[in-house]
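Chain by chain, the residues run as shown.
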Amino acid sequence: MKKILIILTFTLLFTSCEKNTIVINDQENNTITNSGMDFIPNTLICNVGDTIYFELGTTHNAVEVSENDYNNNIGTPLANGFNIGYGESSYIVASEEKIYYYVCQPHLPGMKGVIIVE
């Protein structure tokens, strides 16, 4: 029994996700929050049909933008994209395989994130 626990512990340690990236698909791990001027996690990997929850502080929003705007630190909302308001707790459903790019508009260029839907 001890050998199994030791093997399991080492397996979990060496297969854990990269810092600030979450891959597990459940509500607890599909939640995006903020810490200071960062989205936590800033990269989320999930599956089509998963629900992604946002729990934001009062001075932060999460607005979906185009890849070009994301790369150029522009906060123009994407037509038909998601828009989570300041301090809101809300969610989106990952409806298709794609990369969602989003920003906190007042805290560009630093506060950005991506949701990779596989």
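So, here is what we can say about the structure in this document. Predicted model only: the values in this text are computed from it and were never measured. (Residues numbered from 1 in each chain as written. Predicted model: local features only at pLDDT ≥ 70, side-chain atom pairs only at ≥ 80, totals over all residues. Heavy atoms only, no water.)

Let's shift gears to the nonpolar core. Ranked by internal contacts, the top residues of the largest apolar core, which has 18 residues, are Ile52, Phe54, Phe82 and Ile115. Those elements that place two or more of their residues in this core are strand 4 (43-46), strand 5 (51-55), strand 9 (98-103) and strand 10 (112-117). Not counting residues within four places of it along the chain, the set of residues in contact with Ile115 comprises Ile32, Leu44, Cys46, Ile52, Phe54, Phe82, Ile92, Lys98, Ile99, Tyr100 and Tyr102. Listed in part, the five residues of the second largest apolar core include Val65, Tyr70, Tyr101 and Val114. (Core = buried A, V, L, I, M, F, W, Y, C linked by side-chain atoms within 4.5 Å. Buried < 20%, exposed > 50% of the residue type's maximum accessible area, 1.4 Å probe, protein only. Helix = DSSP H or I, 4+ residues; strand = E, 2+ residues; numbered from the N terminus. Contact = heavy atoms within 4.5 Å.)

Inspection of every chain in the model, using the stated rule, returns one salt bridge. For the salt bridge of Lys98 with Glu64, the shortest nitrogen-to-oxygen distance reads 3.2 Å. Of this pair, Lys98 sits in strand 9 while Glu64 sits in strand 6 (residues 62-65), placing them 34 residues apart in sequence. (Salt bridge = Lys/Arg side-chain N within 4 Å of Asp/Glu carboxyl O.)

The next subject is the pairing of strand 5. Across a regular strand the side chains alternate sides, sitting on one face of the sheet and then on the other. Residues of strand 5 alternate between two faces, with Ile52 and Phe54 buried on one and Thr51, Tyr53 and Glu55 left unburied on the opposite face. Two strands pair when backbone bridges link them, and strand 2 (residues 31-35) and strand 5 are joined in this way by two bridges, in the parallel orientation. Residue pairing across strands places Thr31 opposite Tyr53, the latter belonging to strand 5. Both strand 5 and strand 8 (residues 89-93) contribute to a ladder of five bridges, which runs antiparallel. Counterpart to Ile52 in the pairing with strand 8 is Ile92. (Pairing = 2+ DSSP bridges.)

Here Thr51 is to be found in strand 5. On the basis of relative accessibility, which here comes to 23%, the residue Thr51 falls in the partly exposed class. Here the alpha-carbon distance between Thr51 and Asn30, two residues 21 residues apart in the chain, equals 7.0 Å. Aside from chain neighbours lying at most four places away, what touches Thr51 is Asn30, Tyr91, Ile92 and Val93.

The next subject is unusual backbone geometry. For the peptide bond that leads from Ile40 to Pro41, omega is -10°, which places it in the cis range. Relative to the assigned elements, Pro41 resides in the loop between strand 3 (38-40) and strand 4. Following Leu108, the chain continues to Pro109 via a peptide bond in cis, the omega torsion being 15°. Structurally, Pro109 is set in the loop between strand 9 and strand 10.

With that out of the way, let us pick up the sheet that holds strand 2. Taken together, four strands build an open sheet; the order of strands is 3-2-5-8 and the sheet is mixed. Here the strands that pair on one side only, and so sit at the sheet edges, are strand 3 and strand 8. Averaged over all pairs of adjacent strands, the angle between strand axes in this sheet comes to 25°, irrespective of strand direction. (Axes fitted to C-alpha atoms, helices over the stretch in contact; angles between N-to-C directions.)

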